[in-house]
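Spelled out from the first residue to the last, the chains are:
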Amino acid sequence: MRQPRPLGGPDIGRHLLRDEGEVIVDEVQHHWAAYTRPMLEVLLAVALLAWVPVVHIDLSGVVLVAALLLAAHAGWGAVREHRDRFVITNMRVFRIHGVLSTHLATMPLHRILDITVVRPLHGRIFGFGHFRFDSAGQDRALREVRYVGRPVQRDLAIQRVVQRAGLRGPRLG
């Protein structure tokens with residue numbers, strides 16, 4: 001059965017190899033911290049709009065256009081972040097992103113050599129981190145996945161899938 005996709009999000013289900021038994025283990029949307037820049041841009045656009053009535057009439061048009069352009073840029077950034085997904089399945093990891101055109105990068109689990117979880121100070125405070133993948137063949141599009149919520153748990157989920165697939169040695173002890 002197909003899962004409903006989030007409003008405006010990419011259609012992950014159409015990229016699954018269902019006839020091969022591929023199922024989603026986790027679908028990662030960006031942490032809310034990825035939206036900070038667009039939110040700050042919207043606040044600045046609102047401040048500029050509030051300034052339009054008090055600025056000199058000759059400059060009000062420029063301020064208005066700047067506010068609208070800034071708001072449009074913020075909207076584009078928010079949609080771009082919303083449409084960026086990192087998906088972990090029982091066979092592979094893949095990233096799908098893009099607003100007008102869609103980009104899909106796939107890496108089979110057996111090609112993952114190492115996963116580094118980077119948790120900067122503000123990421124540790126707010127609960128996000130970044131993944132860095134080292135793989136055989138170095139797929140650039142999957143080299144780094146930023147603003148992953150609950151990064152430690154998601155790293156463990158990938159490790160479990162790799163272990164269950166028999167791609168690593170047996171557990172000792």
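The structure presented is a predicted model; accordingly, all values stated were derived computationally and were not measured. (Residues numbered from 1 in each chain as written. Predicted model: local features only at pLDDT ≥ 70, side-chain atom pairs only at ≥ 80, totals over all residues. Heavy atoms only, no water.)

Caption draft 1: Local environment of empty space enclosed by the protein. Taken as a whole, this structure holds one cavity of 30 Å³ or more when the rule is applied. Space inside the largest cavity adds up to approximately 50 Å³. Val28, Gln29, His30, Asp84, Arg85, Phe86, Val145, Arg146, Tyr147 and Val148 together form the lining of the largest cavity. Contributions of two or more residues to the lining of the largest cavity are made by β1 (24-29), β2 (85-89) and β7 (144-149). The element contributing the most residues to the lining of the largest cavity is β7, with four residues. Residue composition of the lining of the largest cavity, by class: five nonpolar, two polar and three charged. (1 Å grid on protein atoms, 1.4 Å probe; cavity = no way out; pocket = protein on both sides within 12 Å on 5 of 7 lines; lining within 4 Å. Points joined across faces, edges and corners; volume = space filled by probe spheres on them. Helix = DSSP H or I, 4+ residues; strand = E, 2+ residues; numbered from the N terminus. Nonpolar A, V, L, I, M, F, W, Y, C, P; charged D, E, K, R; others polar.)

Caption draft 2: Quick peek at the packing of helix α1 (residues 36-51) against helix α2 (residues 57-82). Where α1 contacts α2, the axes come no closer than 8 Å and their chain directions differ by 160°. Between α1 and α2, the interaxial angle falls into the category roughly antiparallel. The handedness of the crossing between α1 and α2 comes out as left-handed. Residues Pro38, Glu41, Val42, Leu44, Ala45, Leu48, Leu49 and Trp51 of α1 lie in contact with α2, whose contacting residues are Val63, Leu64, Ala66, Ala67, Leu70, Ala71, His73, Ala74, Gly77 and Ala78. (Axes fitted to C-alpha atoms, helices over the stretch in contact; angles between N-to-C directions. Parallel < 35°, antiparallel > 145°, perpendicular 65-115°, else oblique. Left-handed = near helix turned anticlockwise from the far one by under 90°. Contact = heavy atoms within 4.5 Å.)

Caption draft 3: The nonpolar core, seen in detail. Counting residues in hydrophobic clusters, the biggest one holds 17 residues, and the most contacted among them are Phe86, Val93, Ile112, Phe131, Phe133 and Ile158. Secondary structure elements with two or more residues in this core: β2, β4 (103-108), β5 (112-118), β6 (128-135), β7 and α4 (151-164). With three residues, the single largest contributor to this core is α4. Grouped together as the second largest cluster of nonpolar side chains are five residues, Ile12, Leu16, Val87 and Ile96 included. (Core = buried A, V, L, I, M, F, W, Y, C linked by side-chain atoms within 4.5 Å. Buried < 20%, exposed > 50% of the residue type's maximum accessible area, 1.4 Å probe, protein only.)

Caption draft 4: The layout of surface pockets, seen in detail. Its volume calculated, the largest pocket comes out at about 220 Å³. Along the walls of the largest pocket sit 15 residues, with His30, Arg80, Glu81, Asp84 and Arg95 positioned nearest its centre. Listed by contribution, the elements that provide at least two residues to the lining of the largest pocket are α2, β3 (92-97) and β7. Tallying contributions element by element places β7 first for the lining of the largest pocket, with four residues. Looking at side-chain class alone, the lining of the largest pocket contains four nonpolar, five polar and six charged residues.

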